[in-house]
There are 2 protein chains.
Amino acid sequence: MFVRAETGEDRKCPIETVIQVVGGKWKPLILWHLLNSSKRFSELEKLIPEVTQKMLAQHLRELEIDRLVTRTIYPSVPPKVEYSMSEHGKTLIPVLEAMCQWGDNHNRQSPKPIAGAASNSV
Amino acid sequence: MFVRAETGEDRKCPIETVIQVVGGKWKPLILWHLLNSSKRFSELEKLIPEVTQKMLAQHLRELEIDRLVTRTIYPSVPPKVEYSMSEHGKTLIPVLEAMCQWGDNHNRQSPKPIAGAASNSV
DNA sequence: TCGGGTACTCACTTGAAAGTAAGTATAGGC
DNA sequence: GCCTATACTTACTTTCAAGTGAGTACCCGA
């Protein structure tokens, strides 16, 4: 099922893999914006105004390393870089949609701030 | 789709909701162990030897607040407490399975440490 | 009355993720 | 010669989840 720790292998839990791949603070948002069309760095900046350039660049680089997005550089001046969903990235869409649906449902049923986001100390 | 930030509502991205609900370091593991049968606190401790009592208690409490697990106290001495999947928690299983399958697949294709887990500073 | 088992809590520390603010290279326009 | 734009990088700081280790309340059996 979720985990294979019990096999003695030091493989990691695949759910944690998904969480690490899409679990960055801005990654679901980035992925969502890239869903239908490729976007430039500056476009993503405008679409997600709260994200800093540093975090946007970092998360895009991580998504690229994980092969979820493709980075295309057009050698022009000023430079133009486009990000789009890769084929591998598209295989994640059904999973994201399932998560989205459940999360939405859960939020409707308990619109309170959820426990996972609560502070550590009492 | 994933997000409803664009509606002007300050609702949160449902994917982040899922991540917060199951994204704690030990939560997928706890959920996996509760999948087929309810477990006592001390049983979970033995099943997940690396988890500390503090983290186990904290994550169980969060899962309880999010209504994924049910906590049953038997008023005996020494005390006995049982944790099990709630009905709402069971609705999450297909989502976790989808995540699991994709994560497993992704791990097979790139067994390297994934970018999301990389350190921040260069 | 001493230790043991259960199910925790509490105060403190560590470390990684995220945020802030500034800097960089390139070239075209004024 | 200076400003602008793009797509970043770098150094430093803050925040917060997770870990450490000790303590608590309860009662039982030896």
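In short, a report on the structure. Only a predicted model underlies this, so the values are computations on that prediction, with no experimental measurement involved. (Residues numbered from 1 in each chain as written. Chains lettered and ligands numbered in written order. Predicted model: local features only at pLDDT ≥ 70, side-chain atom pairs only at ≥ 80, totals over all residues. Heavy atoms only, no water.)

**Quick word on the packing of aromatic side chains**
Within this structure, the stated rule accounts for 0 aromatic pairs over all chains. It is K80 of chain A that lies over the ring of Y74 of chain A; its NZ or CZ is 5.3 Å from the centre. (Phe/Tyr/Trp six-rings, centres within 6.5 Å; stacked < 30°, edge-to-face > 60°. Lys NZ or Arg CZ within 6 Å of the ring centre and 35° of its normal.)

**Notes on the packing of helix 6 (residues 93–109) of chain A against helix 6 (residues 93–109) of chain B**
It is the contact of helix 6 of chain A with helix 6 of chain B, at a shortest axis distance of 9 Å, that shows an interaxial angle of 155°. One element, helix 6 of chain A, and the other, helix 6 of chain B, form an angle in the roughly antiparallel class. Our pair here, helix 6 of chain A against helix 6 of chain B, has a crossing hand that is left-handed. Side by side, helix 6 of chain A and helix 6 of chain B meet where V95, A98, M99 and W102 of chain A of the first sit next to V95, A98, M99 and W102 of chain B of the second. Among the residues making up the contact of helix 6 of chain A with helix 6 of chain B, the classes are represented as 8 nonpolar, no polar and no charged. (Axes fitted to C-alpha atoms, helices over the stretch in contact; angles between N-to-C directions. Helix = DSSP H or I, 4+ residues; strand = E, 2+ residues; numbered from the N terminus. Parallel < 35°, antiparallel > 145°, perpendicular 65-115°, else oblique. Left-handed = near helix turned anticlockwise from the far one by under 90°. Contact = heavy atoms within 4.5 Å. Nonpolar A, V, L, I, M, F, W, Y, C, P; charged D, E, K, R; others polar.)

**Side note on the protein's contact with DNA strand C**
Contacts to DNA strand C come from 25 residues, most closely from K25 and K54 of chain A together with Q53, R71 and Y83 of chain B. What you see for DNA strand C is that sugar and phosphate hold 65% of its atoms within 4 Å of the protein. One of the side-chain nitrogen or oxygen atoms of K54 of chain A is found 2.5 Å away from a base oxygen of DNA strand C. In this structure, Y83 of chain B approaches DNA strand C through a side-chain N or O atom, which is 2.6 Å from a phosphate oxygen. (Near = heavy atom within 4 Å. Polar contact = N/O pair within 3.5 Å; in protein donor to acceptor, adjacent residues only side chain to side chain.)

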